[in-house]
Amino acid sequence: MALLVKKFGGSSVATPEKMRHIASRVLKERNPDDQIVIVVSAMGDTTDNLLNLASKVTDKHYARELDMLMSTGEQVSIAMMAMTFCSMGVPAQSFTGPQAGIIAEGVFGKGNIIDIKPARVFKALAAGKIAIVAGFQAITPEGEIITLGRGGSDTTAVALAGAMRADMCEIYTDVEGVYSADPRVVPNAVKMKEISNEEMLELARLGAGVMQPQSISMGSRFHVPIHVRSTFSDNEGTIIREDNFGEEKGPVCGVAEDYNVARIAAVGVENVPGTAAMIFNELDKNEIPVDMIVQSVRRINDRRGDIIFTVASSDLVEAKEVLEKLKADGRINNILYDDNCAKVSIVGLEMLSAPGVEARIFGALGRKNINIDIVSSSKNSISCLVPRPKVDEAIRSIHAEFFKNKPQQ
């Protein structure tokens, strides 16, 4: 007997016909004594449609009410999926995130799971039912509905699998696994048989949309193996585990891109201690994460300099409100905004011991005449900010540099 958690995304449950296909597949693959928990996202474009609906009322961001609205999409999916199984003669029971005991804290729209109390889900499984759980949503200790951010259903599934000590968490998506780059951008991207949690977390953090970063952190926390595979084929996907089993790899395991990037420059600020802290403290108070940061002076001993950094494009309106207030108060001289950029990154656990990686990246971009605005690096990654219209070409160029003639794993 195995306890399995299976997550299906919005494209997989977009129509009643697709839901019946999923139900048939789950039942075909299930062994007689298996216990199955299914986590689903909202149907198709439901989340985007709900956001559009809200925009017809107001363009202001009422975070609590948006979460209340967004959570309804998954509630439709779980009820429809449960009814699909029941119509096929298989008992099933649906649960919202709060009903499944998923507790989160943080700001609305970006909740972090802090506890799971899945007693009701266990009870349904013990009664021989398939449990259908809403992804993306939870309840705060104060009783408020909160969502987990884009891709939050992945986090729901992995966290549930960990809390319930499942044998495997399967993430079904519209691609066949984790690739060395987005196969929609790089047609010859390499599908990986296995990847470590550390590598996958870095790829996800830097924009690889196949998994949400928090879900990978949950996998590490609960020691849950994750199998990323396609809804539409029976092929094996990619296993995400705690180690890489000593496989021989090159210095780079993958290339990630992030289109949701805006650049901000605080120009001519005083080059004295505390200036940067003042700017970033104000952004932090308003829950606006900052990514790439460059601080520079124009000339030696200059009393003024520039601080350039990036935020998510989706946070740009709120960042502008914060920074324009600092400008109005005379605390910043001038602010420039650029919402036409994107980030391309390479990830690899072996990069530190492989000389020349940076030169190869810059060379690949230079040969395509792609300018780099900012460079940042960490132990396992190097990221370049480039013009958004050039990002797909940048990804293909860098991928070709590091994955020439590399076979599928």
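Structural data are supplied above this passage.
The text that follows walks through the structure, step by step, so that each part is easy to find. (Residues numbered from 1 in each chain as written. Predicted model: local features only at pLDDT ≥ 70, side-chain atom pairs only at ≥ 80, totals over all residues. Heavy atoms only, no water.)

Focus on unusual backbone geometry
Phase 1: Here Phe136, not a glycine, exhibits a phi torsion of approximately 75°, which is positive.
Phase 2: Position of Phe136 relative to the elements: it lies in the loop between β6 (130-134) and β7 (137-139).
Phase 3: Phi is positive for Arg165, close to 55°, though the residue is something other than glycine.
Phase 4: The topology assignment puts Arg165 in the loop between α5 (152-163) and β9 (168-173).
Phase 5: On the accessibility criterion, Arg165 (74% relative accessible area) is exposed. (Helix = DSSP H or I, 4+ residues; strand = E, 2+ residues; numbered from the N terminus. Buried < 20%, exposed > 50% of the residue type's maximum accessible area, 1.4 Å probe, protein only.)

Looking at the sheet that holds strand β17 (residues 374-377)
Phase 1: Spatially, the six strands line up as an open sheet ordered β14-β15-β13-β16-β18-β17, and their pairing is antiparallel. One side of each edge strand has no neighbouring strand; the edge strands of this open sheet are β14 (293-297) and β17. Between one strand axis and the next, the sheet turns by 25° as a mean value, whatever way the strands run.
Phase 2: Sheet strands in contact with helix α10 (residues 357-367) are β16 (334-347), β17 and β18 (381-387), and its direction is about 20° off that of β18. (Pairing = 2+ DSSP bridges. Axes fitted to C-alpha atoms, helices over the stretch in contact; angles between N-to-C directions. Contact = heavy atoms within 4.5 Å.)

Observations concerning the packing of α5 against helix α7 (residues 213-222)
Phase 1: Two elements in contact, α5 and α7, have axes separated by 8 Å at closest approach and are oriented at 10°. In terms of orientation, α5 and α7 fall into the roughly parallel class. Across the interface between the two elements, Asp154, Thr155, Val158, Ala159, Gly162 and Ala163 of α5 pack against Gln214, Ser215, Met218, Gly219 and Phe222 of α7.
Phase 2: Of the residues belonging to the contact of α5 with α7, the class tally is five nonpolar, five polar and one charged. (Parallel < 35°, antiparallel > 145°, perpendicular 65-115°, else oblique. Nonpolar A, V, L, I, M, F, W, Y, C, P; charged D, E, K, R; others polar.)

A few points about helix α4 (residues 119-126)
Phase 1: Listed as buried for α4 are Val121, Ala124 and Leu125. Projected down its long axis, α4 shows its buried positions confined to an angular sector of 100°, all on one face. Of the exposed residues in α4, those oriented more than 90 degrees away from the buried face are Ala119, Lys123 and Ala126.
Phase 2: A positive phi of about 85° marks Gly128, the residue just after α4. (Arc of directions from axis to C-beta.)

Comments concerning the sheet that holds strand β12 (residues 238-241)
Phase 1: With mixed pairing, the eight strands of this open sheet are ordered in space as β3-β6-β2-β1-β9-β11-β12-β10. Looking at the sheet topology across the chains shown, the edges are occupied by β3 (92-95) and β10 (194-196). Taking the axes of each pair of neighbouring strands and ignoring which way they run, one obtains an average angle of 20° across the sheet.
Phase 2: Both β9 and strand β11 (residues 226-230) contribute to a ladder of five bridges, which runs parallel. Bridge pairing in β11 links Tyr172 to Arg229.
Phase 3: Contacting β1 (3-8), β2 (35-40), β6, β9 and β11, helix α1 (residues 16-29) crosses the sheet at an angle of about 160° to β1.
Phase 4: Along the sheet, helix α6 (residues 197-205) contacts β10 and β12; its crossing angle with β10, the most-contacted strand, is approximately 80°.

What to know about α6
Owing to its 3.6 residues per turn, the α-helix brings residues three or four apart onto one side.
Phase 1: The set of residues buried in α6 consists of Asn197, Glu199, Met200, Glu202, Leu203 and Ala204.
Phase 2: Each element contacted by the buried residues of α6 is listed here: β10, α7, β12, β13 (254-270), β16 and β18.
Phase 3: Residue Gly207 follows α6 closely and has a positive phi angle near 125°.

A few points about the packing of α1 against helix α3 (residues 63-87)
Phase 1: Their axes nearest at 9 Å, the elements α1 and α3 cross at an angle of 55°. In terms of axis orientation, α1 runs oblique to α3. Remark: the crossing between α1 and α3 carries right-handed chirality. Taken together, the residues of α3 that come into contact with α1 (itself represented by Pro16, Met19, Arg20, Ile22, Ala23, Val26 and Leu27) are Ser77, Met80, Met81, Thr84, Phe85 and Ser87. (Left-handed = near helix turned anticlockwise from the far one by under 90°.)

Comments concerning the side chain of Lys6
Phase 1: The topology assignment puts Lys6 in strand β1.
Phase 2: Within the local environment of Lys6, its side chain forms a polar contact with the side chain of Glu170, the two groups lying 2.6 Å apart.
Phase 3: Discounting chain neighbours no more than four positions away, the residues touching Lys6 are Val26, Glu29, Ile36, Val37, Ile38, Val39, Glu170 and Tyr172. (Polar contact = N/O pair within 3.5 Å; in protein donor to acceptor, adjacent residues only side chain to side chain.)

Some words on the packing of aromatic side chains
Phase 1: A full pass over the atoms with the stated rule returns two aromatic pairs.
Phase 2: An angle of 15° between the planes, with centres 4.5 Å apart, marks the rings of Phe8 and Tyr172 as stacked. With Phe8 in strand β1 and Tyr172 in strand β9, the pair connects residues that are 164 residues apart, well separated along the chain. Each member of the pair, Phe8 as well as Tyr172, carries the same accessibility label: buried.
Phase 3: Seen in terms of ring centroids, Phe280 and Phe309 are 5.1 Å apart; in terms of plane orientation they differ by 75°. Their pairing is edge-to-face. Here the residue Phe280 occupies a position in helix α8 (residues 275-285), and Phe309 occupies one in strand β15 (residues 304-311), the gap between them amounting to 29 residues. (Phe/Tyr/Trp six-rings, centres within 6.5 Å; stacked < 30°, edge-to-face > 60°.)

Notes on the environment of Ser196
Phase 1: Tracing the backbone through its elements, the reader meets Ser196 in strand β10.
Phase 2: Residue classification places Ser196 among the buried residues on the basis of a relative accessible area of 3%.
Phase 3: Along the backbone, Ser196 and Asp243 are 47 residues apart, and their C-alpha atoms lie at a distance of 4.9 Å.

Looking at the pairing of β18
Phase 1: The element β18 is extensively covered by neighbouring structure, given that six of its seven residues are classed as buried.
Phase 2: Summarising the sheet, β16 and β18 pair through seven bridges and their orientation is antiparallel. From the neighbouring strand, Ile346 faces β18, where its bridge partner is Ile382.
Phase 3: Bridge count for β17 against β18 is four bridges, and the pairing is antiparallel. Looking at β18, one finds that Ser377 is bridged to Ile382.

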